[in-house]
Amino acid sequence: GATPAQTAPYGPLSWSALVRPGSWSAGTDIGCGAARDNDLAVIALGKNGQGQFVGDLVGYMSYGWNNYSFVTSPKTGNLHTSAVSTLGYPFLMDGGAIMQRTDGPTYTTSVCSAGQLWQGSNFTGGSSGGPWAVNFSGRNAALAGGAVPGTASVIAVVGVTSWGSSDPNLPKDNYSSQFRQNNRYPLGDYGG
């Protein structure tokens, strides 16, 4: 029989699948420690009995790949950077019972040759798997003075919390694998 999570409020699911890069699951991905090139996964859910995806009922968040919405500027030392909102349930904040949000600049980097996104954040254990979203907002702003939306204005998930500092008394670092094609995941159907 279906579990309560499968039936309420969306109805029984026709299927679900875990999709992840084979290089990560086989342990052949590059990197060291927790920093890996392709530490990401997606749970794909099927339609309910009425032919609807969960997103048809609650809404969708897009995803961006190959460093969507990251730009370079002399103001940031020509580093690839983006304003990113991270969401998660870090245990050291309210015992992990309440979703937390942190916003700040995020940079592309590499750790032991693994492509990573880095953000200074006070998130700790429990926030793993939480989305890193660019262009995150509650509503579209009313622009004035000739301002126009940027060319990458779609709210998109560009990473998920993978690893970071666990000691709340040390500098706060959080990392995500970059959602991108690479030598170990060249045919990743990002955007397909």
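Preceding this section is the structure that the text describes.
Residues numbered from 1 in each chain as written. Predicted model: local features only at pLDDT ≥ 70, side-chain atom pairs only at ≥ 80, totals over all residues. Heavy atoms only, no water.

Engineer: I keep staring at the packing of aromatic side chains and nothing clicks. Help me out?
Structural biologist: Aromatic ring pairs: the centre-centre distance and the angle between the two ring planes describe each pair. All chains considered together, the criterion is met by three aromatic pairs. Centroid distance Tyr63 to Trp65: 5.8 Å. Interplanar angle 55 degrees. Geometry classified as tilted. Centroid distance Trp163 to Tyr175: 4.1 Å. Interplanar angle 5 degrees. Geometry classified as stacked. Here the residue Trp163 occupies a position in strand β11 (residues 163–164), and Tyr175 occupies one in strand β12 (residues 174–177), the gap between them amounting to 12 residues. Of the residues examined, Tyr175 reaches a relative accessible area of 13% and is grouped as buried. (Phe/Tyr/Trp six-rings, centres within 6.5 Å; stacked < 30°, edge-to-face > 60°. Helix = DSSP H or I, 4+ residues; strand = E, 2+ residues; numbered from the N terminus. Buried < 20%, exposed > 50% of the residue type's maximum accessible area, 1.4 Å probe, protein only.)

Engineer: Where do I start with a nonpolar patch on the surface in this structure?
Structural biologist: Side chains of Leu18, Ile43 and Leu45 sit close together on the surface and give an oily, nonpolar patch of about 290 Å² of accessible area. On the secondary structure map, Ile43 appears in strand β4 (residues 42–45). (Patch = residues over 30% accessible without salt bridge, like charges linked within 9 Å, V, L, I, M, F, W, Y side chains within 5 Å. Areas by Shrake-Rupley, 256 points an atom, 1.4 Å probe, with all protein chains shown as cover. Salt bridge = Lys/Arg side-chain N within 4 Å of Asp/Glu carboxyl O.)

Engineer: Help me understand the environment of Ser127 in this model?
Structural biologist: Structurally, the position occupied by Ser127 is in the loop between β8 (114–119) and β9 (131–134). Remark: the alpha-carbon pair of Ser127 and Ser162, spanning 35 residues in sequence, is separated by 8.5 Å. Not counting chain neighbours up to four residues away, the residues in contact with Ser127 comprise Gly88, Tyr89, Pro90 and Thr161. A polar side-chain atom of Ser127 sits 2.7 Å from the main-chain carbonyl oxygen of Thr124. (Contact = heavy atoms within 4.5 Å. Polar contact = N/O pair within 3.5 Å; in protein donor to acceptor, adjacent residues only side chain to side chain.)

None of the figures reported here should be taken as evidence of function without further support.
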